[in-house]
Amino acid sequence: SPEDIFAVTVTTSTYEAESAVSTATEAQLRAAGDDYPQWVRDRYLALPSRIPARVLALARSLTATEPTPYDRARAIEAYLRSFPYSLDVPLPPTGRDVVDYFLFDLQKGYCDYYATAMVVLARAAGLPARMAVGYATGFYDPVRAEYIVTEASAHAWPEIYFPGYGWIEFEPTAGLPPIERIAETSDQEEIGPMGVPRPAVTWQSRVNRLGPWVLWGVLLLAGAAVVAWPLADLWRLRRLEPAAAVVALYR
């Protein structure tokens, strides 16, 4: 389906990517409902027939009393986060279902186990789910003003589909901090009549509402700043001692 991008293959040594980060609040996700597109139902609710019955029973017991798909996903996420994180785990026994082994015997592991288990439990609870593989954010280097991501940041996580918002990530892995979402709506994130989510109000949409004169005003101010800044900087340099001016120019 054109709405469903699995991966991109990059053949160069460096690349630049832009991504859209969801700002959906908990209130919006709770109101999203379960009117899933057919392409989502066809692909992301499927489970193998050999899934052990106790895995399906666990999914039902964790979510039976939860009122919305979002609450069901959070209940599964919270349950899995109670398992300790560990890289020191044996291989699953031959012939065993990996999720069943993780949930009822091993009960510890690393991100692959947590993500796989949440996808299976979510689908068993009627939530379209997929597993994503990539990297966590790494660590921030304030000197370089950038995030440093290494091989050690490799990660796997589950994503749940919400109508109107697309794929929303969850973090069941106990070794990483939980995802914090805004609980209530704001002036940029509203719930419309009958619980239908309104899209977030972006800067561009606010300009469109107020009229083109706002855009012209912003452009004029930006143009004035572009002209005024070099003049002010030149005036400042001329007032410095020669040695200080050299240092300032070098910087």
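Residues numbered from 1 in each chain as written. Predicted model: local features only at pLDDT ≥ 70, side-chain atom pairs only at ≥ 80, totals over all residues. Heavy atoms only, no water.

Let us look at the pattern of salt bridges. Considering all chains together, one arrives at 10 salt bridges under this definition. Between aspartate 105 and arginine 54 there is a salt bridge whose closest N-O contact spans 3.8 Å. Of this pair, aspartate 105 sits in helix α5 (residues 98-106) while arginine 54 sits in helix α3 (residues 53-63), placing them 51 residues apart in sequence. A single salt-bridge network, built from bridges that share partners, covers Glu26, Arg30, Asp71, Arg74 and Glu77. (Salt bridge = Lys/Arg side-chain N within 4 Å of Asp/Glu carboxyl O. Helix = DSSP H or I, 4+ residues; strand = E, 2+ residues; numbered from the N terminus.)

So, on to the sheet that holds strand β1 (residues 129-135). The strand order across the open sheet formed by 3 strands is β1-β4-β5, and the pairing between neighbours is antiparallel. Where the open sheet ends on each side, the last strands, each with one partner, are β1 and β5 (166-169). In this sheet, adjacent strand axes meet at a mean angle of 40° when their direction is disregarded. Where strand β4 (residues 154-162) and β5 come together, 4 bridges link them in antiparallel fashion. Paired with tyrosine 161 across the bridge in β5 is tryptophan 167. (Pairing = 2+ DSSP bridges. Axes fitted to C-alpha atoms, helices over the stretch in contact; angles between N-to-C directions.)

Right, let's get into the confidence of the model for the protein. The share of residues in the protein with pLDDT of 70 or more is 82%, and the mean pLDDT across the chain is 84. Every residue in residues 188-210 scores below 50 in pLDDT, and together they form 35 contacts with partners more than four places removed in sequence or on other chains. (pLDDT = per-residue confidence, 0-100. Contact = heavy atoms within 4.5 Å.)

Burial within β4 is extensive, with 8 of its 9 residues counted as buried. Joining the antiparallel neighbours β4 and β5 is a turn of 3 residues, in which glycine 164 adopts a positive phi near 90°. (Buried < 20%, exposed > 50% of the residue type's maximum accessible area, 1.4 Å probe, protein only.)

Where α3 contacts helix α6 (residues 111-124), the two axes come as close as 8 Å, and the packing angle between them is 70°. It follows that α3 is roughly perpendicular to α6 by the angle criterion. Contacts between α3 and α6 involve Val55, Leu56, Leu58, Ala59 and Leu62 from the first element and Val120, Leu121 and Ala124 from the second. Looking at the contact of α3 with α6 residue by residue, the class counts come to 8 nonpolar, no polar and no charged. (Parallel < 35°, antiparallel > 145°, perpendicular 65-115°, else oblique. Nonpolar A, V, L, I, M, F, W, Y, C, P; charged D, E, K, R; others polar.)

Counting 41 residues, the largest nonpolar core has Leu80, Phe102, Leu103, Leu121, Ile160, Phe162 and Phe170 as its most contacted members. Only α2 (38-44), α3, α4 (69-80), α5, α6, β4 and β5 provide two or more residues apiece to this core. Setting aside residues no more than four positions away along its own chain, leucine 121 makes contact with Val55, Leu58, Ala59, Leu62, Ile76, Leu80 and Leu103. (Core = buried A, V, L, I, M, F, W, Y, C linked by side-chain atoms within 4.5 Å.)

On the surface, a nonpolar cluster with roughly 460 Å² of combined accessible area is contributed by Tyr135, Tyr140, Tyr147 and Val149. Relative to the assigned elements, tyrosine 140 resides in strand β2 (residues 139-141). For tyrosine 140, a relative accessible area of 44% translates into the label partly exposed. (Patch = residues over 30% accessible without salt bridge, like charges linked within 9 Å, V, L, I, M, F, W, Y side chains within 5 Å. Areas by Shrake-Rupley, 256 points an atom, 1.4 Å probe, with all protein chains shown as cover.)

What follows concerns the environment of threonine 65. Looking at the element boundaries, threonine 65 is found in the loop between α3 and α4. A relative accessible area of 72% places threonine 65 in the exposed class. Once the C-alpha coordinates of threonine 65 and alanine 75 are considered, the two residues, 10 residues apart in sequence, prove to be 9.9 Å apart.

The subject of this paragraph is the packing of α3 against α4. Where α3 contacts α4, the axes come no closer than 9 Å and their chain directions differ by 115°. The interaxial crossing formed by α3 with α4 has right-handed handedness. Touching Leu58, Leu62 and Thr63 of α3 are Arg72, Ala75, Ile76 and Tyr79, all from α4. Class assignment of the residues belonging to the contact of α3 with α4 gives a composition of 5 nonpolar, 1 polar and 1 charged. (Left-handed = near helix turned anticlockwise from the far one by under 90°.)

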